[in-house]
Amino acid sequence: MTAAISAPSKQMDDSKHGLPVTIITGFLGSGKTTLLNHILTNQDGLKTAVLVNEFGEVGIDNDLLITTDDDTMVELSNGCICCTINNDLLEAVYKVLERKDKIDYLVVETTGLADPLPVALTFLGTELRDLTRLDSIVTLVDAENYSIDLFNSQAAHNQIAYGDIILLNKTDLVDEADLDLLEVKVRDIKEGARILRTTQSQVPLPLILSVGLFESDKYFEPAKEEHHDHGHEHDHGHEHDHEHGHSHAEHHDHANCDHEHGHCEHDHEHDHEHEHSHLDVDGFTSISIVRDQPLAIRKFQHFLDNKLPDNVFRAKGILWFDESEKRHIFHLSGKRFSLEDEEWNHRPRKTQLVLIGQNLDHEALKAEIEKCFCLESKGRGRGFSS
């Protein structure tokens with residue numbers, strides 16, 4: 001837990017089963033190092049670890065530098081660390097995990113010509129699976145120097161195909177028409193890609209990193225005067241890693257659930273919106289919904305598959321499904337989403353959902369989410385495989 005979060009109210013901060021990981025990929029010159037610096041220098045009360053092939057290339061600000069440890073790690077005054085991979089990603093990750101001071105977030109940079117899939121599989125298919133959660137894959141594309149040949153490269157193709165969020169960088173050096181053409185090429189590879197246009201890799205960090213993405217329980221307080229004190233939250237959870245066209249049944253089998261839910265109070269509904277201070281430029285806003293009512297699994301799946309607009313980049317929530325006795329922690333980055341379940345443990349059953357994006361139609365989006373709610377069913381036990 002970070003110092004900025006106030007106990008005891010931490011409604012959205014109850015699942016800490018793995019260190020969240022973001023993989024940053026992109027060809028040489030696309031702006032990965034600039035983005036890493038942006039991440040390292042803009043943390044507020046969070047301890048982020050950045051794994052790079054050579055941290056000397058990152059050019060860390062001397063004002064931030066505290067110590068250099070055995071030529072493979074530097075520590076920064078804001079609590080972050082930068083560590084070299086030294087050809088062994090697993091070893092570097094364990095070095096971070098074994099630190100006495102708890103790290104809130106891990107960012108891994110791939111080499112410029114790398115296919116990001118093997119790096120992703122390191123977190124999804126090894127012993128790291130239970131220690132980390134692959135939160136997102138962010139791909140940078142050099143808008144000025146891309147070429148047709150670039151899109152004929154299998155590595156470049158995979159960087160886009162596996163990227164949850166695509167940053168078209170150096171947009172200040174390119175005409176609008178060329179940017180539009182480049183977006184078309186990206187979408188030819190990845191339909192429905194979540195694409196952000198950036199200059200010098202400057203992107204609101206809540207759009208690419210889930211730590212600090214929301215104001216913790218501040219989003220879910222009863223209606224008050226608008227406030228702008230922004231706590232941070234680190235939201236560890238276990239990643240099931242599936243694109244949102246897949247069935248939840250692949251990862252959850254609740255067919256034998258046959259328990260009664262607690263009573264649902266339908267007359268205490270709150271819909272609060274707060275613009276995050278880090279999002280108040282370029283049309284970035286967030287939407288939060290709190291309902292003392294369950295979601296219907298199939299309706300919510302339909303929403304994710306067919307109704308979630310491309311300009312929603314991130315989402316997070318605690319979801320109460322009518323068909324399940326479990327409390328579900330939901331994360332979304334681009335099109336990737338994960339669901340983890342746990343016991344309610346006497347906590348009040350409710351649905352809490354926050355979505356963040358650019359130029360959102362708040363009313364239309366809320367209306368689609370409202371369609372996913374249902375009255376609490378008395379007959380239970382259908383589960384995810386119904």
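Residues numbered from 1 in each chain as written. Predicted model: local features only at pLDDT ≥ 70, side-chain atom pairs only at ≥ 80, totals over all residues. Heavy atoms only, no water.

Counting secondary structure elements, the protein contains seven helices and 15 strands. Looking at the protein residue by residue over its 386 residues, the buried ones come to 58%. Long-range pairs, those at least 24 residues apart, make up 78% of the contacts in the protein between residues at least 6 apart in sequence. (Helix = DSSP H or I, 4+ residues; strand = E, 2+ residues; numbered from the N terminus. Buried < 20%, exposed > 50% of the residue type's maximum accessible area, 1.4 Å probe, protein only. Contact = heavy atoms within 4.5 Å.)

Bringing the nonpolar core into the picture now. Judged by nonpolar contacts, the single largest core of 29 residues is most densely connected at Leu35 and Ile208. Contributions of two or more residues to this core are made by α1 (32–41), β2 (48–52), β4 (73–76), β6 (105–109), β7 (132–142) and β8 (165–169). In terms of residue count, α1 provides more of this core than any other element does, four residues in total. Taken domain by domain, this core gets at least three of its residues from each of domain 1 (19–217) and domain 2 (283–372). Every residue in contact with Ile208, bar those within four places of it in the chain, is listed here: Thr22, Leu35, Ile39, Tyr105, Asp135, Ser136, Val138, Ile165, Val203 and Arg314. (Core = buried A, V, L, I, M, F, W, Y, C linked by side-chain atoms within 4.5 Å. Domains from an automatic or database assignment.)

Time to look at the state of the cysteines. By the definition in use, this model includes zero disulfides. No disulfide involves Cys83; its sulfur sits 7.7 Å from that of Cys82, the nearest cysteine. (Disulfide = S-S within 2.5 Å.)

Attention now moves to the environment of Val50. You can see Val50 is positioned in strand β2. Sequence separation of Val50 and Leu40 is 10 residues, and the distance between their C-alpha atoms is 7.7 Å. Contacts of Val50, omitting those with residues within four sequence positions, involve Leu36, Leu40, Ile81, Cys82, Cys83 and Val107.

Bringing the environment of Thr34 into the picture now. With respect to the secondary-structure elements, Thr34 resides in helix α1. When the C-alpha atoms of Thr34 and Ser201 are compared, they prove to be 6.1 Å apart, with 167 residues separating the residues in sequence. Setting aside chain neighbours within four positions, we find Thr34 in contact with Gln200 and Ser201.

Look at helix α2 (residues 89–97) against helix α3 (residues 116–124): their axes get within 11 Å of each other, and the N-to-C directions meet at 50 degrees. Our classification of the angle between α2 and α3 gives oblique. Viewed along their axes, α2 and α3 form a crossing whose handedness is right-handed. Judged by residue contacts, Leu89, Leu90 and Val93 of α2 engage Val119, Thr122 and Phe123 from α3. Tallied by class, residues from the contact of α2 with α3 come to five nonpolar, one polar and no charged. (Axes fitted to C-alpha atoms, helices over the stretch in contact; angles between N-to-C directions. Parallel < 35°, antiparallel > 145°, perpendicular 65-115°, else oblique. Left-handed = near helix turned anticlockwise from the far one by under 90°. Nonpolar A, V, L, I, M, F, W, Y, C, P; charged D, E, K, R; others polar.)

Here the focus is the pattern of salt bridges. Inspection of every chain in the model, using the stated rule, returns 18 salt bridges. The partner of Arg336 in a salt bridge is Asp164, with the nearest N and O atoms 2.9 Å apart. With Arg336 in strand β14 (residues 336–342) and Asp164 in the loop between α4 (154–161) and β8, this pair connects stretches of sequence that are 172 residues apart. Here Arg187 makes a salt bridge to Glu183, at a shortest N to O gap of 3.5 Å. (Salt bridge = Lys/Arg side-chain N within 4 Å of Asp/Glu carboxyl O.)

A few words on α1. The buried fraction of α1 amounts to seven of the 10 residues, a majority that puts the element mostly inside the structure. Along α1, the residues that are buried comprise Lys32, Leu35, Leu36, Asn37, His38, Ile39 and Leu40.

Turning our attention to the pairing of strand β9 (residues 194–197). Pairing of β8 with β9 involves four bridges; the strand directions are parallel. Directly across from Ile166, in β9, lies its bridge partner Ile195. For the handedness criterion, the β-α-β arrangement of β8, helix α5 (residues 176–189) and β9 is classed as right-handed. (Pairing = 2+ DSSP bridges. Right-handed = clockwise from strand over helix to strand, strands pointing away.)

Okay, the side chain of Arg194 next. Of note, Arg194 is situated in strand β9. The class of Arg194 is buried, set by a relative accessible area of 1%. Side-chain polar atoms of Arg194 contact the side chain of Asp310, separated by 3.3 Å. Ignoring any residue separated from it by four or fewer positions in sequence, one finds Arg194 in contact with Asp164, Ile165, Ile166, Leu308, Pro309, Asp310, Val312, Phe313, Gly334 and Lys335. (Polar contact = N/O pair within 3.5 Å; in protein donor to acceptor, adjacent residues only side chain to side chain.)

Moving on: the environment of Leu134. With respect to the helices, strands and loops of the structure, Leu134 is situated in strand β7. On the basis of relative accessibility, which here comes to 1%, the residue Leu134 falls in the buried class. As a C-alpha pair, Leu134 and Phe123 span 11 residues in sequence and 6.5 Å in three-dimensional space.

Take the confidence of the model for the protein next. The share of residues in the protein with pLDDT of 70 or more is 71%, and the mean pLDDT across the chain is 75. This model gives residues 1–16 a pLDDT under 50, and the stretch forms 43 contacts once residues within four places in sequence are excluded. Counted against residues more than four places away or in other chains, residues 213–277, with its pLDDT under 50, gives 207 contacts. (pLDDT = per-residue confidence, 0-100.)

With that settled, consider the packing of aromatic side chains. In the structure shown here, the tally under the stated rule is four aromatic pairs. Centroid distance Phe330 to Phe337: 5.9 Å. Interplanar angle 45 degrees. Geometry classified as tilted. Judged on exposure class, the residue Phe330 and its partner Phe337 are both buried. Through a chain of ring-to-ring contacts, the aromatic side chains of Phe300, Phe303, Phe321, Phe330 and Phe337 assemble into a single cluster. Of note, Arg291 hangs over the ring of Phe373, and the distance from its end group to the ring centre comes to 4.5 Å. (Phe/Tyr/Trp six-rings, centres within 6.5 Å; stacked < 30°, edge-to-face > 60°. Lys NZ or Arg CZ within 6 Å of the ring centre and 35° of its normal.)

What helix α7 (residues 362–370) keeps buried is the set His362, Leu365, Lys366, Glu368 and Ile369. When α7 is viewed along its axis, its buried side chains cluster within an angular range of 160 degrees and face the same direction. Where α7 is buried, its residues touch β11 (284–291), α6 (297–307), β12 (312–320) and β15 (351–358). (Arc of directions from axis to C-beta.)

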